[in-house]
Amino acid sequence: MNKQKTIHTLYKRLLNLYPKNFKEQLGESMLQTFSDLYQERQSKERWPAFVPWIFFETALGIIMEHVRLMIEGDTMKNSRFAALVSSILLAVAFIVAPWLYLVGNFRDAIGPFAYTIADFLYGPVWAASLVSVVFILRERIGEQAPRRMSLALLAAVLAAGTMIIIACIRSANRQYHLLHPDLHLEESSTVLIVWGTLVAGLTGAGWHFLGWAFTLIGSAGWTSRYIPRPLSILYFAAGITSLSLFVYLQPAHEGMASMLSVIVIIWQGILLWKAEPEEKQSPANQLDQA
């Protein structure tokens with residue numbers, strides 16, 4: 001009887017090593033199951049063989065449960081870090097890529113390489129960073145404005161896909177020029193008109209989708225108050241006033257749209273980085289207080 005009590009006490013202490021929430025939910029039932037099994041098998045053998053295995057299995061479960069909680073905590077930290085990094089990369093892509101396109105010289109020794117870097121920034125980096133930021137925002141405020149944030153994510157994905165297509169077209173066109181210098185394609189007005197029209201049209205489409213994404217985020221942030229009011233206004237400005245929605249009609253406004261987009265993205269990234277995990281569940285302490 002003393003042996004049974006000792007084993008029961010040891011197992012109960014082992015269960016106390018589980019995280020608090022897990023212990024409160026399943027601790028009693030696990031202890032009762034262990035006691036029932038012990039009573040059932042003690043009558044058949046002097047030392048139930050299942051006891052060491054149950055202790056080992058329970059100890060392993062305790063370790064795995066703590067690891068799971070650590071991973072979940074790290075995931076939240078990683079999402080904040082990803083938001084900050086994505087915002088910085090997106091701002092860099094907005095600034096550096098157009099500058100490289102502007103000052104690059106195809107005939108220089110490093111000209112093709114500089115253009116390749118610009119394509120990479122304005123294509124995959126721009127796309128992945130934008131989708132990451134909007135996805136994290138959707139996780140933050142999606143419960144308050146699920147439809148608008150889902151549409152904003154869809155618009156961001158469309159903008160990202162369009163910019164990747166543009167980067168692929170630029171890169172393919174450049175490689176074809178390099179592989180066939182004898183054709184002198186850069187001197188063909190037809191090729192230049194077709195290529196310029198295609199790239200300009202797709203760029204306008206990408207900005208159009210980006211404008212819708214910003215406008216929807218600004219609307220969701222304003223009504224949910226999960227985004228500071230000034231930042232929500234800037235989202236509207238980047239989406240509408242700066243003519244992100246209509247860059248395909250007036251390409252000259254792309255510079256203004258880029259400038260406002262950089263301000264919005266950097267501000268949003270900083271706020272997401274500063275936001276605490278519990279703020280997702282507490283509207284009174286949301287990002288507008290960061």
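Residues numbered from 1 in each chain as written. Predicted model: local features only at pLDDT ≥ 70, side-chain atom pairs only at ≥ 80, totals over all residues. Heavy atoms only, no water.

Observations concerning the overall build of the protein
Broken down by element type, the protein carries eight helices and zero strands. Its helices and strands in sequence order give the protein the pattern α-α-α-α-α-α-α-α, from N to C terminus. Per-residue burial for the protein yields a buried fraction of 40% across its 290 residues. Long-range pairs, those at least 24 residues apart, make up 70% of the contacts in the protein between residues at least 6 apart in sequence. By element, 67% of the accessible surface of the protein is carried by carbon and sulfur atoms, the whole surface being about 16200 Å². (Helix = DSSP H or I, 4+ residues; strand = E, 2+ residues; numbered from the N terminus. Buried < 20%, exposed > 50% of the residue type's maximum accessible area, 1.4 Å probe, protein only. Contact = heavy atoms within 4.5 Å. Areas by Shrake-Rupley, 256 points an atom, 1.4 Å probe, with all protein chains shown as cover.)

Quick notes on the side chain of S261
Relative to the assigned elements, S261 resides in helix 8 (residues 254-274). In contact with S261, other than residues within four places in its own chain, are F94, W207, L210, F214 and A238.

Focus on the nonpolar core
With 51 residues, the main nonpolar core has W126, L130, L137, L210, I217 and Y235 as its most contacted residues. Elements that contribute at least two residues to this core include exactly helix 3 (50-103), helix 4 (111-141), helix 5 (146-179), helix 6 (189-224), helix 7 (229-241) and helix 8. A per-element tally of this core places helix 4 first, with twelve residues. Setting aside residues up to four positions removed in sequence, W126 forms contacts with L90, A93, F94, L121, A159, A160, M163 and L210. Counting twelve residues, the second-largest nonpolar core is a separate cluster that includes I7, Y11, Y38 and I62. (Core = buried A, V, L, I, M, F, W, Y, C linked by side-chain atoms within 4.5 Å.)

Notes on helix 6
Helix length check: helix 6 (36 residues) gives 52 Å between terminal C-alpha atoms against 52 Å at 1.5 Å per residue, within 8%. One or two positions beyond helix 6, positive phi appears at R225, with a value near 60°. (Expected span 1.5 Å × (residues − 1).)

Description of the side chain of S258
With respect to the helices and strands, the residue S258 is situated in helix 8. Residues within four places of S258 in sequence aside, it is in contact with F94 and W207.

Focus on the environment of L271
Structurally, the position occupied by L271 is in helix 8. With 188 residues separating them in the primary sequence, L271 and A83 have C-alpha atoms 9.2 Å apart.

With respect to the pattern of salt bridges
Applying the stated criterion across every chain yields a total of one salt bridge. Notably, a salt bridge pairs E139 with R138, separated by 4.0 Å at the nearest N-O pair. (Salt bridge = Lys/Arg side-chain N within 4 Å of Asp/Glu carboxyl O.)

Considering the confidence of the model for the protein
Of the residues in the protein, 78% have a pLDDT of 70 or more, and the chain-wide mean is 78. Counting contacts from residues 277-290, a segment whose pLDDT is below 50, to residues more than four positions away or on other chains yields 27 contacts. (pLDDT = per-residue confidence, 0-100.)

Quick notes on the environment of E65
Positionally, E65 belongs in helix 3. Note: C-alpha distance between E65 and Y18 (47 residues apart in sequence) is 7.3 Å. Once residues lying within four places of it in the same chain are set aside, the contact partners of E65 are Y18, P19 and F22.

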